[in-house]
There are 2 protein chains.
Amino acid sequence: MKLRVLTILIATAIAGSAAAAPLKPEEQIKFRKAGYSVMAWNMGKIKASIDGSWNKDEVQKAAATVAAIANSGLGGLFGAGTEKEVGEQRTRVKAEFFQEQDKVKELALAFNKEANELARVAAAGDSAAIKAQFGKTGEACKACHDKFRKD
Amino acid sequence: MKLRVLTILIATAIAGSAAAAPLKPEEQIKFRKAGYSVMAWNMGKIKASIDGSWNKDEVQKAAATVAAIANSGLGGLFGAGTEKEVGEQRTRVKAEFFQEQDKVKELALAFNKEANELARVAAAGDSAAIKAQFGKTGEACKACHDKFRKD
């Protein structure tokens, strides 16, 4: 599927033809899971810096990545047909996610706020402030997982 | 695995204890594939804007995400033991990737340059310049896929 997407992308980028098709449910699940994985990887790098030897450049790049993904519209990847396993793509999203959209929005906006603040604080470079904001960001992740993700 | 990573992250973020363990080969493959998937998703959004109705905000956010991931150290996720399928994680990387590190570096730096230029051009907002730079970025993706990725 990745190959298909990229082949279409590159072929059309070069040839300048054909509008992109809407994403299938399986692709939506794949991409949203990838987004959360990349954020988890980058949160892990920040954590490693906090617990081990401080790497300011890595922390800044990781925080920028988390914020960029948070801002990139993951919510659009929870379309119809993505509430359950599709093809090879499993999902741990709870049914409540699709029924409690006000709560979803509240938690998503809270997370985005903290992630963007983490990127801002990381760019400023104060390690104590980064550590504190990392904790807040992690709690915002967890709030949504606790509410809308199966174990 | 995602649950494990996040649970450790959040628990330690709150408790402030225990250094992060190095990533296992399976986790490295998972995270690098996720990184490429998120970039592909965002390249697809830019393509959709180029081919369909122009959404400047979406293009800027997508380009920022591609650049952030390009800058975030994916090269560190090709460690020992990641050259072949591990556990649930399949990989299409060719053996040559691990043998031709100068070429890998050349292609990776070329891609990073184009991705960062795409983010810069997107932030400036000129759609013709964005379209041209999107093409260059896609070609830089493809150059590495052609050389180091199995079909």
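Residues numbered from 1 in each chain as written. Chains lettered and ligands numbered in written order. Predicted model: local features only at pLDDT ≥ 70, side-chain atom pairs only at ≥ 80, totals over all residues. Heavy atoms only, no water.

Caption draft 1: Local environment of the confidence of the model for chain A. Chain-level pLDDT for chain A is 90 on average; 86% of the residues reach the 70-or-more range. Confidence metrics for the complex model read pTM 0.88 and ipTM 0.87. (pLDDT = per-residue confidence, 0-100.)

Caption draft 2: The arrangement of the environment of A:Pro25 in detail. Residue and element names in this part refer to chain A. Along the chain, Pro 25 falls in helix α2 (residues 25–51). Its relative accessible area of 28% is what places Pro 25 among the partly exposed residues. The spatial distance from the C-alpha of Pro 25 to the C-alpha of Phe 78 is 8.2 Å, given a sequence separation of 53 residues. In contact with Pro 25, other than residues within four places in its own chain, are Ala 80, Gly 81, Thr 82 and Val 86. (Helix = DSSP H or I, 4+ residues; strand = E, 2+ residues; numbered from the N terminus. Buried < 20%, exposed > 50% of the residue type's maximum accessible area, 1.4 Å probe, protein only. Contact = heavy atoms within 4.5 Å.)

Caption draft 3: Structural context of the pattern of salt bridges. All names here are of chain B. Counting across every chain of the model gives 18 salt bridges over all chains. Two residues, Asp 57 and Lys 61, come together in a salt bridge whose shortest N-O distance is 3.2 Å. With Asp 57 and Lys 61 both in helix α3 (residues 56–70) and 4 residues apart, the pair spans about one turn of that helix. Linking Asp 146 and Lys 142 is a salt bridge whose minimum nitrogen-to-oxygen distance equals 2.8 Å. Pair noted here: Asp 146 and Lys 142 are both in helix α6 (residues 127–148), with a separation of 4 residues, about one helical turn. On the accessibility criterion, Asp 146 (49% relative accessible area) is partly exposed. (Salt bridge = Lys/Arg side-chain N within 4 Å of Asp/Glu carboxyl O.)

Caption draft 4: Summary view of the environment of B:Glu139. All names here are of chain B. When you line up the elements, Glu 139 lands in helix α6. For Glu 139, a relative accessible area of 46% puts it in the partly exposed group. The spacing of Glu 139 and Trp 54 is 85 residues in sequence and 22 Å in space, taken between C-alpha atoms.

Caption draft 5: Local environment of the nonpolar core. Ranked by size, the top nonpolar core spans 50 residues in total, and within it A:Ile46, A:Phe111, B:Ile46 and B:Phe111 carry the most contacts. At the level of secondary structure, the elements contributing two or more residues to this core comprise α2, α3 (56–70), α4 (101–124) and α5 (127–148) of chain A together with α2 (25–51), α3, α5 (101–124) and α6 of chain B. Every residue in contact with A:Ile46, bar those within four places of it in the chain, is listed here: A:Val59, A:Ala62, A:Ala63, A:Leu118 and A:Phe134. (Core = buried A, V, L, I, M, F, W, Y, C linked by side-chain atoms within 4.5 Å.)

Caption draft 6: Geometry of the side chain of B:Gln133. By the secondary structure assignment, B:Gln133 is in helix α6. Excluding residues within four positions of it along the chain, B:Gln133 makes contact with B:Glu114, B:Glu117 and B:Leu118.

Caption draft 7: Structural context of the packing of aromatic side chains. For the structure shown, the criterion picks out 8 aromatic pairs over all chains. Here B:Phe97 and B:Phe98 contribute two aromatic rings whose centre-to-centre distance is 5.3 Å and whose plane-to-plane angle is 65 degrees, an arrangement assigned as edge-to-face. The exposure class of B:Phe97 is buried, given its relative accessible area of 9%. Three or more aromatic residues link up through ring pairs in this structure, and these residues are A:Phe78, A:Phe97, A:Phe98 and A:Phe148. The residue whose ring lies beneath A:Lys45 is A:Trp41, and the NZ or CZ to ring-centre distance is 3.6 Å. (Phe/Tyr/Trp six-rings, centres within 6.5 Å; stacked < 30°, edge-to-face > 60°. Lys NZ or Arg CZ within 6 Å of the ring centre and 35° of its normal.)

Caption draft 8: Geometry of the state of the cysteines. Residues and elements named next belong to chain A. For the structure shown, the criterion picks out 0 disulfides over all chains. Cys 141 provides the cysteine sulfur closest to Cys 144, a residue in no disulfide bond, and the two sulfurs are 9.0 Å apart. When its relative accessible area of 23% is taken as the criterion, Cys 144 is described as partly exposed. (Disulfide = S-S within 2.5 Å.)

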